[in-house]
Amino acid sequence: MNSFARFRLSQALMTMAISLFLTVAVLVSSAGASSSLLYDYPLNGPPDVVEAFNPPPQPWMPGHRGVDLRGQEGENVQAAGDGVVAFAGLVVSRPVISIDHPDGIRTTYEPVDAVVHTGERVHRGQVIGTLLPGHRHDGVTVLHWGARRGKTAYLNPIFLIKTPLIVLKPLSLPRTEFLLLPTPRNTQRALCS
Ligand SMILES: [Zn+2]
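On a predicted model such as this, the values are computed, not experimentally measured, just so you know. (Residues numbered from 1 in each chain as written. Predicted model: local features only at pLDDT ≥ 70, side-chain atom pairs only at ≥ 80, totals over all residues.)

Peer 1: Quick one: what's the story with the environment of Arg106, residue by residue and with numbers?
Peer 2: Of note, Arg106 is situated in strand β6 (residues 105-110). When the C-alpha positions of Arg106 and Arg148 are compared, they lie 5.4 Å apart, and in sequence the two are 42 residues distant. Once residues lying within four places of it in the same chain are set aside, the contact partners of Arg106 are Ala86, Ser98, Ile99, Asp100 and Arg148. (Helix = DSSP H or I, 4+ residues; strand = E, 2+ residues; numbered from the N terminus. Contact = placed C-beta atoms within 7 Å.)

Okay, structure coming up:
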């Protein structure tokens, strides 16, 4: 075997090893995700983020304390996770629903015409109301979806979604890039205060 053949053989073995590793990583992440999926997006279909989470540097400063998900007026809004409705009503003329979840996180949804009431227990995927227009000045109908721990520790709600835990982004083998997506373990990093 000449040196070029040895090089190609070692390259092939490396590719196989990487493929095996990736397969294992995907299987591990899938197994973990399916057994403990706690949250899901509150609108049906693939999420279309019109405006991303942009927390203020200080709690009293302006920012975007949630994500705006594109929707249709009148479409169903669903509880992102199991919990108890902490509030369903108007906050300074904005129709808002808040849900307290067992892990201490509160998710909020606005503007939503609620079909649930304060104190009601809800489960993930349960319809809690219908989407209203009016959140954005540009006229795009969106659901403003927020999440926080405590009164001012806002989280990026996208981080609540556990799947996929890992997105594998092979470029040109053997170069492979791993893009780690947030998991509940590192959602602490999303705290803005
Ligand atoms: Zn918003």
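Peer 1: Give a description of the pairing of strand β2 (residues 67-70) that names residues and reports values.
Peer 2: Two elements, strand β1 (residues 49-51) and β2, share two bridges in a ladder whose sense is antiparallel. In the strand pairing of β2, Val49 is matched with Leu69. (Pairing = 2+ DSSP bridges.)

Peer 1: I'd love a proper account of the nonpolar core, names of residues and values included.
Peer 2: Among the nonpolar cores identified, the biggest contains 26 residues, and Leu69, Val77, Ile97, Tyr109, Val112, Ile128 and Leu143 are the most heavily contacted of them. Mapped onto this core, the elements with two or more residues apiece are β2, β5 (94-100), β6, β9 (127-131), β10 (142-149) and β11 (153-155). Here this core takes four residues from β10, the largest share from any one element. With sequence-adjacent residues up to four places away left out, Ile97 is seen in contact with Val85, Phe87, Ala88, Thr108, Tyr109, Val112, Ala114, Val116, Ile128 and Gly129. (Core = buried A, V, L, I, M, F, W, Y, C linked by C-beta atoms within 7 Å. Buried ≥ 20, exposed ≤ 12 C-beta atoms within 10 Å, placed from the backbone.)

Peer 1: Would you mind going over unusual backbone geometry in detail, with residue names and values included?
Peer 2: Cis peptide bonds are those with omega within 30 degrees of zero, and the linkage from Glu110 to Pro111 qualifies with -10°. Looking at the secondary structure, you find Pro111 in the loop between β6 and β7 (112-114). One non-glycine residue with positive phi stands out, namely Val92, at about 50°. Looking at the element boundaries, Val92 is found in the loop between β4 (83-91) and β5. Residue Ser93 is not a glycine yet carries a positive backbone phi of 70°. Tracing the sequence through the fold places Ser93 in the loop between β4 and β5.

Peer 1: Give a description of the confidence of the model for the protein chain that names residues and reports values.
Peer 2: Regions with low pLDDT should not have their predicted coordinates read in detail. Looking at the protein chain as a whole, its pLDDT mean stands at 78, while 65% of the residues score no less than 70. Low pLDDT (under 50) marks residues 20-36, which in the prediction has 11 contacts with non-local residues, meaning those over four places away or in another chain. Predicted confidence for residues 173-193 stays below pLDDT 50, and this span has 40 contacts to residues more than four positions away or in other chains. (pLDDT = per-residue confidence, 0-100.)

Peer 1: Can you explain the sheet that holds β7? Please cite residues and give values.
Peer 2: Spatial ordering of the open sheet is given by β3-β9-β7, a layout of three strands whose pairing is antiparallel. Whereas interior strands pair on both sides, the edge strands pair on one side only; in this sheet they are β3 (76-78) and β7. On average, each strand axis in the sheet is inclined to that of its neighbour by 40°, with strand direction left out of account. Summarising the sheet, β3 and β9 pair through three bridges and their orientation is antiparallel. (Axes fitted to C-alpha atoms, helices over the stretch in contact; angles between N-to-C directions.)

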